[in-house]
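One-letter residues, chain by chain:
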Amino acid sequence: MSDINALDHDAFLARVGPVFEHSPWIAERAWAARPFDGVAGLHQAMMAVVAAASADEQVALLQAHPDLAGKAARAGSLTADSTREQAGAGLDRLSDAEYDRFERLNRAYRERFGFPFIVAVKRHTRESILAAYEARLGNDRATEIGTALAEVGLITRFRLDALFGD
């Protein structure tokens with residue numbers, strides 16, 4: 001972590017900014033919490049930024065995520081992290097019927113909550129992801145925002161661990 005603490009502002013943003021999907025404002029605000037006492041401290045500082053963010057900013061963070069096995073994935077336009085994560089769960093190797101099911105669930109979820117379904121796919125199989133969709137569609141919006149933000153926390157911790165070592 002001494003390397004990350006030694007980075008200047010711009011270098012820090014370039015290195016850590018992409019950890020939260022299309023939301024470099026989190027790294028920008030976490031910068032003030034330096035020095036970090038390791039990956040856990042950096043992640044804690046970044047999650048504190050998310051917790052202190054306005055409700056609109058939190059929803060915008062959620063909206064910045066791609067659909068699982070969605071059009072962006074099929075077009076190859078995901079971030080490198082999202083591409084790697086979705087491929088790790090086999091979401092890049094679905095049958096047409098499976099893609100159709102994901103598309104239906106993505107649409108139903110977005111219509112209900114106003115943001116894409118977010119899950120730390122690294123902890124899941126295709127089947128458990130689909131089961132999570134079904135279960136979480138029954139949540140109210142406030143519960144689902146909290147659940148999605150918790151999943152963002154897991155995703156970003158995995159990304160930081162990969163970036164800096166466990």
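Rules behind the numbers
Residues numbered from 1 in each chain as written. Predicted model: local features only at pLDDT ≥ 70, side-chain atom pairs only at ≥ 80, totals over all residues. Heavy atoms only, no water. Helix = DSSP H or I, 4+ residues; strand = E, 2+ residues; numbered from the N terminus. Contact = heavy atoms within 4.5 Å. Salt bridge = Lys/Arg side-chain N within 4 Å of Asp/Glu carboxyl O. Buried < 20%, exposed > 50% of the residue type's maximum accessible area, 1.4 Å probe, protein only. Core = buried A, V, L, I, M, F, W, Y, C linked by side-chain atoms within 4.5 Å. Arc of directions from axis to C-beta. Axes fitted to C-alpha atoms, helices over the stretch in contact; angles between N-to-C directions. Parallel < 35°, antiparallel > 145°, perpendicular 65-115°, else oblique. Left-handed = near helix turned anticlockwise from the far one by under 90°. Nonpolar A, V, L, I, M, F, W, Y, C, P; charged D, E, K, R; others polar. Phe/Tyr/Trp six-rings, centres within 6.5 Å; stacked < 30°, edge-to-face > 60°. Lys NZ or Arg CZ within 6 Å of the ring centre and 35° of its normal. Polar contact = N/O pair within 3.5 Å; in protein donor to acceptor, adjacent residues only side chain to side chain.

**Quick notes on the side chain of Gln 58**
Part 1 of the argument: When you line up the elements, Gln 58 lands in helix H5 (residues 55-63).
Part 2 of the argument: For Gln 58, the residues in contact, after removing those within four places along its chain, are Val 50, Ala 51, Ala 53 and Leu 149.

**Details of the pattern of salt bridges**
Close approach of charged atoms lets side chains of opposite charge pair.
Part 1 of the argument: One pass over the structure, following the stated rule, counts 13 salt bridges.
Part 2 of the argument: A salt bridge links Glu 134 to Arg 101, with the nearest nitrogen and oxygen atoms 3.6 Å apart. Of the two residues, Glu 134 sits in helix H9 (residues 126-136) while Arg 101 sits in helix H8 (residues 96-113), which places them 33 residues apart along the sequence.
Part 3 of the argument: A relative accessible area of 34% means that Arg 101 is categorised as partly exposed.
Part 4 of the argument: Among the salt bridges present, the one from Glu 144 reaches Arg 136, with a minimum N-O distance of 2.5 Å.

**Notes on the nonpolar core**
Part 1 of the argument: Residues Phe 12, Met 46, Leu 68, Leu 91, Phe 102 and Ile 129 are the most contacted members of the largest nonpolar core, which totals 47 residues.
Part 2 of the argument: Only helix H2 (9-16), helix H3 (25-30), helix H4 (39-52), H5, H8, H9 and helix H10 (141-164) provide two or more residues apiece to this core.
Part 3 of the argument: With sequence-adjacent residues up to four places away left out, Ile 129 is seen in contact with Leu 68, Ala 89, Leu 91, Phe 102, Phe 117, Val 119, Val 121 and His 124.

**Focus: H9**
Part 1 of the argument: Of the residues making up H9, those classed as buried are Ile 129, Leu 130, Ala 132, Tyr 133 and Arg 136. Looking straight down H9, one finds that the buried residues subtend no more than 155° of arc, so they occupy a single side. Of the exposed residues in H9, those oriented more than 90 degrees away from the buried face are Glu 127 and Ala 135.

**Comments concerning the environment of Thr 147**
Part 1 of the argument: Considering the arrangement of structural elements, one finds Thr 147 in helix H10.
Part 2 of the argument: Residues in contact with Thr 147, not counting those within four places in the same chain, are Arg 136 and Asn 139.

**Re the packing of H5 against H10**
Any two packed helices are characterised by how steeply their axes cross, that is the angle between the axes, and by the distance between the axes.
Part 1 of the argument: Look at H5 against H10: their axes get within 10 Å of each other, and the N-to-C directions meet at 60°. Taken together, the axis directions place H5 and H10 in an arrangement best described as oblique. Seen from above, H5 lies across H10 with left-handed handedness. Mapping the contact onto sequence places Gln 58, Val 59, Leu 61 and Leu 62 in H5 and Arg 141, Ile 145, Ala 148, Leu 149 and Val 152 in H10.
Part 2 of the argument: For the contact of H5 with H10, the residue count by class is seven nonpolar, one polar and one charged.

**Let's talk about the packing of aromatic side chains**
Part 1 of the argument: The full count for this structure, using the stated rule, is eight aromatic pairs.
Part 2 of the argument: Within the aromatic cluster, the residues linked to one another by ring pairs are Phe 102, Tyr 109, Phe 113, Phe 115, Phe 117 and Tyr 133.
Part 3 of the argument: The ring of Trp 31 has Arg 34 lying over it, and the distance from NZ or CZ to the ring centre is 3.5 Å.

**Some remarks on the side chain of His 65**
Part 1 of the argument: With respect to the element layout, His 65 can be found in the loop between H5 and helix H6 (71-75).
Part 2 of the argument: Polar side-chain contacts of His 65 include one of 3.1 Å to the backbone oxygen of Leu 61.
Part 3 of the argument: Not counting the four nearest positions on each side in its chain, His 65 is found in contact with Glu 21, Arg 110, Pro 116, Ile 118 and Val 152.

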